[in-house]
Amino acid sequence: QVYLVESGGGLVQAGGSLRLSCAASGSIYYINRMGWYRQAPGKERELVATVTGGGKTDYYIDDVQGRFTISRDNAKNAVYLQMNSLKPEDTGVYYCHIDELQSTADGMPTFDFWGRGTQVTVSS
């Protein structure tokens, strides 16, 4: 089993910053790719940013490019999202996600693990 625990969400004024953290635990040998999704009320969950465990490139959706920064700590199986210049439209529940990992049980790739989500509210 794999568990993701998020922290760092909260209330912030427009233009402010938040740093989201996610620590993964369980049967994890190596996380190949992980990232963050978000879901606003009444809307579909959308990808925000991803980072490979040992890769050289990050991915961001256009709406957050230049404002958000994703980073990782492989020793802690953790992923972070630094969010600057926040806008009201950034409001939503942010979910930590592991796209792919290698399990300690058999070393095989396994997919799609989700955190419970953390609320981010940006007021104008």
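Preceding block: the structure.
An account of the accompanying structure is given in this report. (Residues numbered from 1 in each chain as written. Predicted model: local features only at pLDDT ≥ 70, side-chain atom pairs only at ≥ 80, totals over all residues. Heavy atoms only, no water.)

**Some points on the overall build of the protein chain**
Alright, step 1. The number of helices and strands found in the protein chain is zero helices and eleven strands.
Alright, step 2. Listing each helix as α and each strand as β along the protein chain from the N terminus yields β-β-β-β-β-β-β-β-β-β-β.
Alright, step 3. In terms of overall size, the protein chain behaves like a compact globule, its C-alpha atoms giving a radius of gyration of 14 Å where 124 residues would be expected to give roughly 14 Å.
Alright, step 4. Its C-alpha atoms put the protein chain at 50 × 30 × 25 Å along the principal axes.
Alright, step 5. Each of the 124 residues in the protein chain was classed as buried or not, and the buried ones make up 40%.
Alright, step 6. Considering only contacts within the protein chain whose residues lie at least 6 apart along the sequence, 56% involve residues at least 24 apart.
Alright, step 7. On the protein chain, roughly 6,600 Å² of surface is accessible, and the fraction owed to carbon and sulfur atoms is 48%.
Alright, step 8. Computed over 11 positive and 13 negative side-chain charges, the inter-centroid distance for the protein chain is 5 Å. (Helix = DSSP H or I, 4+ residues; strand = E, 2+ residues; numbered from the N terminus. Rg over C-alpha atoms; globule rule 2.2 N^0.38 Å. Buried < 20%, exposed > 50% of the residue type's maximum accessible area, 1.4 Å probe, protein only. Contact = heavy atoms within 4.5 Å. Areas by Shrake-Rupley, 256 points an atom, 1.4 Å probe, with all protein chains shown as cover. Lys, Arg positive; Asp, Glu negative; His and termini not counted. Charge placed at Lys NZ, Arg CZ, Asp CG, Glu CD.)

**Looking at the sheet that holds strand S7 (residues 68–73)**
Alright, step 1. Here we have four strands laid out as an open sheet, ordered S1-S3-S8-S7, and antiparallel in their pairing. The strands lining the two open edges of the sheet, one partner per strand, are strand S1 (2–7) and S7. Between one strand and the next, the sheet's axes are offset by a mean angle of 15°, whatever the strand orientation.
Alright, step 2. When S1 meets strand S3 (residues 18–26), the two strands line up antiparallel, connected through six bridges. Paired with Leu4 across the strands is Ala24, a residue of S3. (Pairing = 2+ DSSP bridges. Axes fitted to C-alpha atoms, helices over the stretch in contact; angles between N-to-C directions.)

**Here we look at the nonpolar core**
What tends to happen in soluble globular proteins is that the nonpolar side chains get buried as a cluster.
Alright, step 1. One finds Trp36, Leu81, Met83, Tyr94 and Ile98 to be the most contacted residues of the largest nonpolar core, which totals 29 residues.
Alright, step 2. Of all the secondary-structure elements, those providing two or more residues to this core are S1, S3, strand S4 (28–39), strand S5 (46–52), S7, strand S8 (78–83), strand S9 (92–103) and strand S11 (118–123).
Alright, step 3. Contact partners of Tyr94, with chain neighbours within four places excluded, come to Glu6, Leu20, Trp36, Tyr37, Arg38, Val48, Phe68, Leu81, Met83, Gly117, Thr118 and Val120. (Core = buried A, V, L, I, M, F, W, Y, C linked by side-chain atoms within 4.5 Å.)

**Topic: the state of the cysteines**
Alright, step 1. Tallied over the full model, the rule gives one disulfide.
Alright, step 2. What pairs with Cys22 in a disulfide is Cys96, and their sulfur atoms sit 2.0 Å apart. The chirality of the disulfide connecting Cys22 with Cys96 is left-handed, given an S-S dihedral of about -80°. Pair noted here: Cys22 is in strand S3 and Cys96 is in strand S9, with a separation of 74 residues, a long-range link.
Alright, step 3. Taking relative accessible area as the criterion, Cys96 reaches 1% and is therefore assigned buried. (Disulfide = S-S within 2.5 Å.)

**A short note on unusual backbone geometry**
Alright, step 1. Non-glycine residue Ser85 carries a positive phi angle of around 50°.
Alright, step 2. Its identity as a non-glycine residue notwithstanding, Asp112 has a phi of 65°, on the positive side.
Alright, step 3. If you trace the backbone, Asp112 turns up in strand S10 (residues 109–114).

Coordinates in, geometry out; function isn't part of it.
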